[in-house]
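Notes for the structure review
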Amino acid sequence: MRMRSYFIETWGCQMNQHDSELIEGQLRERGLRPAGAAGEADLVILNTCSVRERPMQKIVSRIGVLEKLTRPPVIGVCGCVAQQEGASLLGRSKSVGFVLGPGQIGLVGEAVRAVEQGERAVLTGFNADSEHNFSTIFRKSSTRGMVTVVEGCNEFCTFCVVPYTRGRESSRSMTDVLTEVRSLAAGGVKEIELLGQTVNAYVCPDSGADFATLLDAVAEVPGLCRVRYITSHPRYFNDRLMGVLASNPIVSRYLHLPFQSGSDTILERMHRRYTRDEFVELIGRLRTAVPDIHLSTDVIVGFPGETEEDFLQTMKLLERLRFGHVFAFAFSPRPGTPAAKYGDQVSEEVMKGRLHRLFELTDRISLELNKELVGSAVAVLVDGDSRRDPNDWQGRGEDNRVVNFPKTGHETIGDVVAVRIRRAGAHSLVGDRDDGVSRLPVIGQA
Ligand code: SF4
């Protein structure tokens, strides 16, 4: 059966979102066209994530819904769950046509061809020599371009599946990354987001250049307004990198730096390989070097063995370090990881209660930090229509905070405009365009 249309559903992090762009590009290259909904597509891709929540349950229930559609599509399961579960996913439903892990993302065309020839394909594992063909990526945003710089991870945190599902850490060559960034900038992209599970562990396989060198070189590419990078690991955040952040206005004043727990006992059990004091000291140095840096972090609540005292250590750290945004999740065991086998699992009820207390605290801090911006002018890169009101734009400030403002008719997507903030919420800001601003770090508009 020749497949003509596709629909992609993506869960999880930026890496997965970017993988969906790679998948979409290959499907388009094979002549498939996007369908408006899963029920109208010949092929539905489930690009799965197994880092958070209950991935298998979610996928099984989604497969169940899709196979009951009047015209059931072929289902392609991709992402981390595909790598973890492999061929067993074919047994879940006759509709599952292929299973394709993140390490085989370049083989979507092969998988589709197999299905069209009446076969079912399982493509998992990792090829050391797989090439990163960025020319086929279908990018959804015209202003922002995601660029992978490091694949996989070597850290083996005891709760995490990434080293097993995405393989060992492997950096792309700096020349290759810069070629991709230049081609995006030449096509009008204003903001680059460098991606890696431990992006700042980057080491160029050809020259040995580190992440600070790469970041500096990317920020030199003409036409860019901003360069962001995600996710950093505290262990690889060195003074050289801080120096690049401090000296280069193109590099975003936003940093996502997961700390996961404020308790040394839990950090050790997580195999994070830093202590609470080391993390606090790092943030101190960072804020001295870049005073206007806006920080976000990840926290796991209810890791096995977490006592009330351990949790209070996390709360105290949050109170002390004042992150602008906190991505907090209740621990849930991932098959095959050491933490899944720990005997002292925390009850759902206790985790729920702790998470609730944590969000009360972090929402209050986010609101306080956002209120500090009321009355000031922010350089906003316009991303598109506001989700709440099509008469408003939505964009992001240099520190990645979401800003909404009424359209004036004189700006469009991709512009950087000055917006004076008039109202703050815990998760976004509201303002008005203000062209009277004389000194604003509006960059890249020359
Ligand atoms: S650093 Fe730890 S949490 Fe992050 S991807 Fe690697 S193993 Fe997972």
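Residues numbered from 1 in each chain as written. Predicted model: local features only at pLDDT ≥ 70, side-chain atom pairs only at ≥ 80, totals over all residues.

1. Topic: the overall build of the protein chain
From N to C terminus, the protein chain includes 12 helices and 19 strands. In terms of overall dimensions, the protein chain has C-alpha extents of about 65 × 55 × 45 Å along its principal axes. When each of the 446 residues of the protein chain is scored for burial, the buried share is 43%. (Helix = DSSP H or I, 4+ residues; strand = E, 2+ residues; numbered from the N terminus. Buried ≥ 20, exposed ≤ 12 C-beta atoms within 10 Å, placed from the backbone.)

2. A look at the pairing of strand β3 (residues 43-48)
The element β3 is extensively covered by neighbouring structure, given that six of its six residues are classed as buried. Residues of β3 alternate between two faces, with Leu43, Ile45 and Asn47 on one and Val44, Leu46 and Thr48 on the opposite face, all of them buried. Judged from the five bridges that link them, strand β1 (residues 5-10) and β3 form a sheet pairing that is parallel. Each residue of the ladder has a partner; that of Glu9, found in β3, is Leu46. With six bridges connecting them, β3 and strand β4 (residues 74-79) associate as parallel partners. Note that in β4 the partner of Val44 across the bridge is Ile75. (Pairing = 2+ DSSP bridges.)

3. Some words on the confidence of the model for the protein chain
Caution is warranted with low-pLDDT regions, since their predicted coordinates should not be read in detail. Averaged over all residues, the pLDDT of the protein chain is 93; the fraction at 70 or higher stands at 96%. With pLDDT under 50 throughout, residues 442-446 is counted as low confidence; its partners more than four residues away or in other chains account for 12 contacts. (pLDDT = per-residue confidence, 0-100. Contact = placed C-beta atoms within 7 Å.)

4. Some words on the nonpolar core
With 114 residues, the main nonpolar core has Val77, Val149, Ile192, Leu194, Val199, Val380 and Val419 as its most contacted residues. In contact with Leu194, not counting residues within four places along its chain, are Val147, Val149, Val199, Val218, Val227 and Tyr229. (Core = buried A, V, L, I, M, F, W, Y, C linked by C-beta atoms within 7 Å.)

5. As for the pairing of strand β14 (residues 325-330)
Summarising the sheet, strand β13 (residues 294-301) and β14 pair through six bridges and their orientation is parallel. Pairing of Val301 across the sheet is with Ala330, part of β14. Between the parallel pair β13 and β14, the chain is carried across by helix α11 (residues 308-321), and the sense of this crossover is right-handed. (Right-handed = clockwise from strand over helix to strand, strands pointing away.)

6. Considering the site of the ligand
All residues adjacent to the ligand are Cys153, Glu155, Phe156, Cys157, Cys160, Val162, Pro163, Gln197, Thr198 and His233. Residues of the shell around the ligand, tallied by class, amount to six nonpolar, three polar and one charged. (Near = placed C-beta within 6 Å. Nonpolar A, V, L, I, M, F, W, Y, C, P; charged D, E, K, R; others polar.)

7. Here we look at the sheet that holds strand β7 (residues 144-148)
The three strands are arranged β7-β10-β11 in an open sheet whose pairing can be described as parallel. The two strands at the open ends of the sheet, each matched to only one other strand, are β7 and β11 (226-230). Within this sheet the neighbouring strands show an average axis-to-axis angle of 20°, counted without direction. As paired strands, β7 and strand β10 (residues 191-195) are joined by five bridges and run parallel to one another. When the bridges of β10 are listed, Val147 appears paired with Leu194. The strands that helix α1 (residues 14-29) touches are β7, β10 and β11; relative to β10, the one it contacts most, it runs at about 110°. (Axes fitted to C-alpha atoms, helices over the stretch in contact; angles between N-to-C directions.)

8. Comments concerning the environment of Gly425
With respect to the helices, strands and loops of the structure, Gly425 is situated in the loop between β18 (416-424) and β19 (429-433). Classification of Gly425 by C-beta neighbours within 10 Å gives partly exposed; the count is 14. Between the C-alpha atom of Gly425 and that of Val218, which follows or precedes it by 207 residues, the distance is 33 Å.

9. Things to note about the domain arrangement of the protein chain
If you check the domain split of the protein chain, you get domain 1 (5-123), domain 2 (138-371) and domain 3 (377-433). One C-alpha centre belongs to domain 1, the other to domain 3, and the line joining them spans 35 Å. (Domains from an automatic or database assignment.)

10. Description of unusual backbone geometry
The omega angle of the peptide bond from Ile230 to Thr231 is 5°, so this bond is cis rather than trans. Note on placement: Thr231 falls in the loop between β11 and α8 (239-247). Even without being glycine, Arg273 reaches a positive phi, approximately 65°. Looking at the secondary structure, you find Arg273 in the loop between α9 (264-270) and α10 (276-289).

11. A look at helix α4 (residues 108-116)
Within α4, the full set of buried residues consists of Val108, Ala111, Val112 and Val115. The buried residues of α4 occupy one face: seen down the axis, they fall within an arc of 95°. Packing partners of the buried residues in α4 comprise α1, β4, β5 (96-100) and β6 (121-123). Where α4 ends, the next residue or the one after it, Gly118, has phi of about 85°, a positive value. (Arc of directions from axis to C-beta.)

12. A word on the sheet that holds β5
Taken together, the six strands give an open sheet; going across it, the order is β2-β1-β3-β4-β5-β6, and neighbouring strands pair in parallel fashion. Only two strands of the sheet have a single partner each, and these edge strands are β2 (33-34) and β6. The sheet contacts of α4 involve β4, β5 and β6, and relative to β5 the element is tilted by about 155°.

13. Overview of the packing of α11 against helix α12 (residues 348-371)
Orientation of α11 relative to α12, taken along the N-to-C sense of each, is 10°, at an axis distance of 10 Å. Relative to α12, α11 is oriented roughly parallel. Across from Phe311, Met315, Leu318 and Glu319 in α11, the residues of α12 making contact are Arg354, Leu358, Leu361 and Thr362. Residues that form the contact of α11 with α12 fall into these classes: five nonpolar, one polar and two charged. (Parallel < 35°, antiparallel > 145°, perpendicular 65-115°, else oblique.)

14. Some words on the packing of helix α6 (residues 174-186) against helix α7 (residues 211-219)
Across the interface, α6 lies against α7 with an axial gap of 10 Å and an inter-helix angle of 25°. As judged from the angle between their axes, α6 and α7 are roughly parallel. In this structure, the crossing between α6 and α7 has a hand that is right-handed. Contacts between α6 and α7 involve Met174, Val177, Leu178 and Val181 from the first element and Leu214, Ala217 and Val218 from the second. A breakdown of the residues in the contact of α6 with α7 according to their chemical character gives seven nonpolar, no polar and no charged. (Left-handed = near helix turned anticlockwise from the far one by under 90°.)

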